Amino acid sequence: MTTFGGKMRALMEERGVSLRQLAKVTHYDVGYLSKVANDLKRPSLPLAHQLEAALDAGGNLVNLVPARTGAQRRAPVASASIRDVGQTVTPRPLPAPVVDSFVDRRMQRLSVSHTEELLSHLREQWFMLVRTDNLLGPRHALGGVCAQLTILTALLRHVRPPLRDTALRLAARYAESAAWLYEDAGDLIASRRWTGHAMEYALEVGDRPMVAWTLFRRSQHAQFEGNGAQVVGLAEAACREQGNVAGPMLAAILQQHAHGLALSGVEVASHELLDRAQEYATTDDAGDARAGHGAFCTPAYLELQRGRVWLTLGRPGRAVDAFESAIRELSPTYQRDRGLAHAGLSIALTQERQPEAAASAAVQALTVAQDSGSSRIFSMLASVAPHLARHAHLNPVAEFLAGLAATPAV
């Protein structure tokens, strides 16, 4: 019988991936991952999903995580290990664009003027959905994005130039948004698929900034997989494609390049890139992307990313300062980013051996994860649970572990 650890080891050998690389991607320590790989520990579902994506396992890892019984779900949190904390969380089925024959027939009959009006309406809806995501997270925005993609997919089967160009540009926006929302919700397969669709639409219409943005998105996928060289390569390709136009888009690409260097242990150059990104950061906090690609890239957002870079480089003390600065300065519009900053702060404080402060930050992040459906935040919090569980006698830690264990599927 194939075990989780046995399959994990086989995939690592096949992909040429080390435990140290997996530790950087998942934020679990090497020793713990070694126990999982040798079947000395049973992985939680959040960790299994992270390993699934990192090793491109095609469902072969998650399927080996045994289901838990109702009695196990009610086990006391005080004695919880990582296999208990968060184990009840199973990803919900996510909405997806569908092939709708009625919509397809309706799009086929649209007049030119009606098509123009529809495209204008969908453009305004996109801005609203971006703001919804920033305020509330993927759980509240993904359904709307997928519903509009159903319409645009049908429309593109029939619309002709010159309106086809407008439809393609808009479809690329929606597809890229779907890619981001699926990524945040923990579905990397769907995220890659919609990134590919966005790139195809952008290439057909000749939208070079969107092509660059899809390369940026692929660079983020490579970052999740711990592939520093590919992160750098794709970030540099995005920079070339968008023509080095100064602005928040360049700031976003530069900070992504910094993450790639950090994954390779290059400290000075990664922070030089973050400093350079600050020169192009925007002060527009509307959160609706009307300022274009990378409009979210504010100075506070870059401080959040600096904290993540410090964590990657193994400098949690410096990360604490960066995360605390980001939390102070982030606009209320960016609630999910605030949750990410609290989650990062919790990881950094845990590594600094400050369990009470770490748990307090984790509670703040957990609230955002529960409200938004952000799998990224939840996975970060699940990674600190085994390290905090030994301090379950402390009230803040007990509160966090209880909240994590009680969290319904995100």
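Residues numbered from 1 in each chain as written. Predicted model: local features only at pLDDT ≥ 70, side-chain atom pairs only at ≥ 80, totals over all residues. Heavy atoms only, no water.

A. Expanded view of the packing of aromatic side chains. The final tally for this structure, using the stated rule, is four aromatic pairs. Here a set of aromatic residues connected by ring pairs shows up, and it is made of W213, F216, F296 and Y301. Over the face of the ring belonging to W126 we find R173, whose NZ or CZ atom lies 4.9 Å from the ring centre. (Phe/Tyr/Trp six-rings, centres within 6.5 Å; stacked < 30°, edge-to-face > 60°. Lys NZ or Arg CZ within 6 Å of the ring centre and 35° of its normal.)

B. Representation of the packing of helix α11 (residues 208–224) against helix α13 (residues 248–263). Axis separation between α11 and α13 bottoms out at 10 Å; the angle between their running directions is 25°. Considering their axes alone, α11 and α13 lie roughly parallel with respect to each other. Both α11 and α13 take part in a crossing whose hand is left-handed. Together, P209, A212, W213, F216, S219, Q220 and Q223 of α11 and M249, A252, I253, Q255, Q256, H259 and L263 of α13 make up the contact between the two elements. (Axes fitted to C-alpha atoms, helices over the stretch in contact; angles between N-to-C directions. Helix = DSSP H or I, 4+ residues; strand = E, 2+ residues; numbered from the N terminus. Parallel < 35°, antiparallel > 145°, perpendicular 65-115°, else oblique. Left-handed = near helix turned anticlockwise from the far one by under 90°. Contact = heavy atoms within 4.5 Å.)

C. Representation of the nonpolar core in the model. Residues M8, L22, L155, Y174, L381 and F400 are the most contacted members of the largest nonpolar core, which totals 135 residues. For this core, the element with the most residues is helix α9 (residues 163–184), which contributes 13 residues. Those residues in contact with F400 that lie beyond four places of it in its chain are A359, A362, V363, L366, L381, V384, A385 and L388. (Core = buried A, V, L, I, M, F, W, Y, C linked by side-chain atoms within 4.5 Å. Buried < 20%, exposed > 50% of the residue type's maximum accessible area, 1.4 Å probe, protein only.)

D. Main features of the pattern of salt bridges. Within this structure, the stated rule accounts for 15 salt bridges. Linking R290 and E124 is a salt bridge whose minimum nitrogen-to-oxygen distance equals 2.8 Å. Taken together, the residues span a long stretch of sequence, with R290 in the loop between α14 (267–280) and α15 (299–312) and E124 in helix α7 (residues 112–136) at a distance of 166 residues. We classify R290 as partly exposed; its relative accessible area is 46%. (Salt bridge = Lys/Arg side-chain N within 4 Å of Asp/Glu carboxyl O.)

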